[in-house]
Amino acid sequence: MARCNSNHNLIVHHIKRDGGNSLNNAEVLCSVCYSNYTTVSNPGPGEPIAHDGPSPPPFSQQTINEALTRAHNRCECERLTCLNH
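Each chain carries its own residue numbering, running from 1 in the written order of its sequence. Side-chain atom pairs in this predicted model are given and counted only at pLDDT of 80 or more, local residue features only at pLDDT of at least 70, and totals for whole chains, interfaces and linings cover all residues. Derived side-chain values reflect all non-hydrogen atoms in the structure, with water molecules and hydrogen atoms excluded from consideration.

Another aspect to go through is the state of the cysteines. Pairs of cysteine sulfur atoms within 2.5 Å are what we label disulfides. Enumeration according to the criterion identifies zero disulfides in this entry. Among the cysteines around C75, which has no disulfide bond, C33 carries the closest sulfur, lying 3.8 Å off. Here C82 stays unpaired: no disulfide links it, and the sulfur of C33, its closest cysteine neighbor, is 3.5 Å away.

Right, dumping it as structure tokens:
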């Protein structure tokens, strides 16, 4: 499946809730893919599962900026379960 590539309403979110606040635990998603990700109950192979519970602490602005730069200011979603692409 192709990458979403949307460049509107981007969100930098934690790949793993307990994975820390470093750049390697940050993923850039558009609001539609993020919504699909957080509401899906049966993610595909290798995809993280959204868990209930407290949210992790927010990323620093530097980490957000670095994640957006790494993603070329575009959504990084490639999930098979996402209905946006």
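From this point on, the discussion continues.
Moving on: the nonpolar core. C4, L29, C30, C33, Y37, C75, C77 and C82 form the largest nonpolar core, which has eight residues in total. A run of H or I in DSSP counts as a helix once it spans at least four residues, and a run of E counts as a strand once it spans at least two, with each numbered from the N terminus. Secondary structure elements with two or more residues in this core: β2 (26-30) and α1 (31-39). The residues contacting C82, other than those within four sequence positions of it, are C33, N36 and C77. By size, the runner-up hydrophobic cluster in this structure holds seven residues, among which are V12, A26, V28 and F59. Buried Ala, Val, Leu, Ile, Met, Phe, Trp, Tyr and Cys residues that are joined via side-chain atoms within 4.5 Å together make up what is termed a nonpolar core. Only protein chains enter the calculation, and the probe is 1.4 Å; a residue is then buried if its accessible area is under 20% of its type maximum, exposed if over 50%, and partly exposed in between. The criterion used for residue contact is that any of the two residues' heavy atoms lie within 4.5 Å.

Moving on, we get to the environment of A26. As for its position among the elements, A26 is in strand β2. In this structure A26 comes out as buried when scored by relative accessible area, which is 2%. Separated by 12 residues in the primary sequence, A26 and H14 have C-alpha atoms spaced 5.0 Å apart.

Turning next to helix α2 (residues 61-70). Of the residues making up α2, those classed as buried are T63, A67 and L68. Looking straight down α2, one finds that the buried residues subtend no more than 135 degrees of arc, so they occupy a single side. Projecting away from the buried face of α2 at angles above 90 degrees are the exposed residues Q61, Q62 and T69. One or two residues past the end of α2 sits H72, with phi positive at roughly 55 degrees. Summarising the geometry, the arc corresponds to the directions from the helix axis toward the C-beta atoms.

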